[in-house]
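Descriptive analysis of the structure
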Amino acid sequence: MSANQLQPKLIIHGGAGSSLKGKGRIEAVRHSLSSIVEEVYALLLTGAKASEAVVKGCQLLEDEPRFNAGTGSVLQSDGQIRMSAALMEGESQRFSGVINVSRVKNPINVAKVLQDADDRVLSDYGAAELLRELNLPVYNPLTDLRLQEWIEERKDNFQRDMAGVVAEESNSGRGTIGVVALDSQGCIAAATSTGGKGFERIGRVSDSAMPAGNYATSKAAVSCTGIGEDIIDECLAARIVVRVTDGLSLAEAMQRSFTEAKERQRDLGAIAIDATGAIVWGKTCEILIAAYHNGEHIGDTLDWTGDELTGFSK
Ligand code: GLY
């Protein structure tokens, strides 16, 4: 890194929800998060742009079957997988996304292609047509664990609000994956990808491909996880970023936004980075599955089960 380059910062998440049961499971999730953080941070150290790094991070998280995005996505009520993803680059303040796309390995790649398009958010039929135009290979993201989860839930006529946050878990959770980065040139970006809530009605639209769930400007960037409807009602990602733009520190913006969300009994979490390099996270639920690199070390939020609504890395 040359003298006029900044120390890159990175935070990723793999969802939020009820506690991960068992030391072995926590360690497995920790290992998978930290190896992804390591790989993406190494890319940032080569001088990669924040937008490139968040796309790479999302690809790696989508390829990890334990998380609810890409391979390992949850099934909707009709037994089909429909995924959504978004990318927002802070400097250009440009959002692109894909909604309810099927049969593709990395939905985030489609969001990336759309960054340069005139029509930047595409849903089902339009997204499928774009996949054909791009000649992307047909890919089935279904895993046995997610299929079993759906079969079990069908027996009970889909009583649960959402599918498990990670594939090994049978408890309820809120799965999504997301990445936020600050690069060595001081640019910020956020990317988010999800298989949705699981067991939802056909046509339901996730927050992950809306500015409510994924938002970035030159001041700050946020990726959310949790119940999409709660995130949309709070307009959480955009709300936090606008507060930073209006003069609050990222820590204050997160604390205020999570206090309000808690008061309204929302079920959600978020990760964020600002232009000064602050890394902050928040949750109203039991756990947030997140890991970060602050330039000195890798840390994670897996043991953070306290009542505080936000946390930060120095
Ligand atoms: N936050 C993911 C979803 O509700 O679709």
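Here, the structure is the one placed above.
For the structure given in this document, a descriptive report is provided here. Just so it is clear, the structure is predicted and the values come from calculations on it, not from any experiment.

Observations concerning the packing of aromatic side chains
One pair of aromatic rings is described through two measures. These are the centre distance and the angle between the planes. Following the criterion strictly, the structure yields two aromatic pairs and no others. Relative to Y292, the ring of W281 lies with its centre 5.1 Å away and its plane at 20°, an arrangement referred to as stacked. Linking W281 in strand 11 (residues 279–283) with Y292 in strand 12 (residues 287–293), this pair joins segments that are eleven residues apart in sequence. Judged by relative accessible area, which is 10%, Y292 ranks as buried. Ring geometry for W281 versus W304: centroids 6.5 Å apart, planes at 70°, classification edge-to-face. Here W281, found in strand 11, pairs with W304, found in the loop between strand 13 (298–300) and strand 14 (310–313); they are 23 residues apart in sequence, far enough to count as distant.

Side note on empty space enclosed by the protein
In the structure shown here, the tally under the stated rule is one cavity of 30 Å³ or more. Taken as a whole, the largest cavity encloses approximately 40 Å³ of empty space. When grouped by side-chain class, the residues that make up the lining of the largest cavity number two nonpolar, eight polar and three charged.

As for the nonpolar core
Of all hydrophobic cores here, the largest spans 46 residues; its most connected members are L10, I12, L33, L61, I108 and I289. Top contributing element to this core by residue count: helix 1 (residues 23–45), with eight residues. The contacts of L10, once residues within four sequence positions are left out, are V37, V40, Y41, L44, V179, V180, A181, I273, I279, A291, Y292 and H293. Among the nonpolar cores identified, the runner-up in size contains 44 residues, and F95, I188, Y215 and W281 belong to it.

Re the packing of helix 2 (residues 50–63) against helix 3 (residues 107–114)
Packing of helix 2 against helix 3 brings their axes to within 8 Å, and their N-to-C directions diverge by 155°. Judged on the interaxial angle alone, helix 3 and helix 2 are roughly antiparallel. From helix 2, V55, C58, Q59 and E62 reach across to helix 3, where they touch P107, I108, N109 and K112. In the contact of helix 2 with helix 3, the residues fall into four nonpolar, two polar and two charged.

Topic: the layout of surface pockets
In this structure, the largest pocket spans a volume of roughly 230 Å³. In this structure, the largest pocket is lined by 13 residues; those nearest its centre are V101, S102, R103, A128 and L131. Of all elements in the fold, only strand 3 (94–101) and helix 4 (124–134) reach the threshold of two or more residues within the lining of the largest pocket. Among the residues forming the lining of the largest pocket, the class breakdown is seven nonpolar, two polar and four charged.

A word on the sheet that holds strand 11
The antiparallel open sheet is built from five strands, whose spatial order is 8-9-10-11-14. Across the chains shown, the open sheet's two edge strands, defined by having one partner strand only, are strand 8 (214–216) and strand 14. In this sheet, neighbouring strand axes are inclined to one another by 15° on average, regardless of whether the strands run parallel or antiparallel. Strand contacts of helix 7 (residues 236–245): strand 8, strand 9 (220–226) and strand 10 (268–274), with the helix running at about 155° to strand 9, the strand carrying the most contacts. In the packing of helix 8 (residues 250–263) onto the sheet, the strands contacted are strand 9, strand 10, strand 11 and strand 14, and the crossing angle to strand 10 comes to about 165°.

Describing the site of the ligand
In the vicinity of the ligand, the contacting residues are T176, T194, G196, K197, R204, S206, D207, S208, G226, I227 and G228. For the ligand, a nitrogen atom lies 2.7 Å from a polar atom in the side chain of D207. Contact distances for the ligand include 2.8 Å between a nitrogen atom and a backbone N or O atom of G226. Here the ligand has 200 Å² of accessible area as a free molecule, and 100% of this is covered by the chains. Counting atoms within 2 Å of the grid points, the majority share of the ligand lands in the largest cavity. Across the shell around the ligand, the residue classes tally to one nonpolar, seven polar and three charged.

Here is what the cut-offs are and how they apply
Residues numbered from 1 in each chain as written. Predicted model: local features only at pLDDT ≥ 70, side-chain atom pairs only at ≥ 80, totals over all residues. Heavy atoms only, no water. Phe/Tyr/Trp six-rings, centres within 6.5 Å; stacked < 30°, edge-to-face > 60°. Helix = DSSP H or I, 4+ residues; strand = E, 2+ residues; numbered from the N terminus. Buried < 20%, exposed > 50% of the residue type's maximum accessible area, 1.4 Å probe, protein only. 1 Å grid on protein atoms, 1.4 Å probe; cavity = no way out; pocket = protein on both sides within 12 Å on 5 of 7 lines; lining within 4 Å. Points joined across faces, edges and corners; volume = space filled by probe spheres on them. Nonpolar A, V, L, I, M, F, W, Y, C, P; charged D, E, K, R; others polar. Core = buried A, V, L, I, M, F, W, Y, C linked by side-chain atoms within 4.5 Å. Contact = heavy atoms within 4.5 Å. Axes fitted to C-alpha atoms, helices over the stretch in contact; angles between N-to-C directions. Parallel < 35°, antiparallel > 145°, perpendicular 65-115°, else oblique. Pairing = 2+ DSSP bridges. Near = heavy atom within 4 Å. Polar contact = N/O pair within 3.5 Å; in protein donor to acceptor, adjacent residues only side chain to side chain. Areas by Shrake-Rupley, 256 points an atom, 1.4 Å probe, with all protein chains shown as cover. Sits in = over half its atoms within 2 Å of the grid points.

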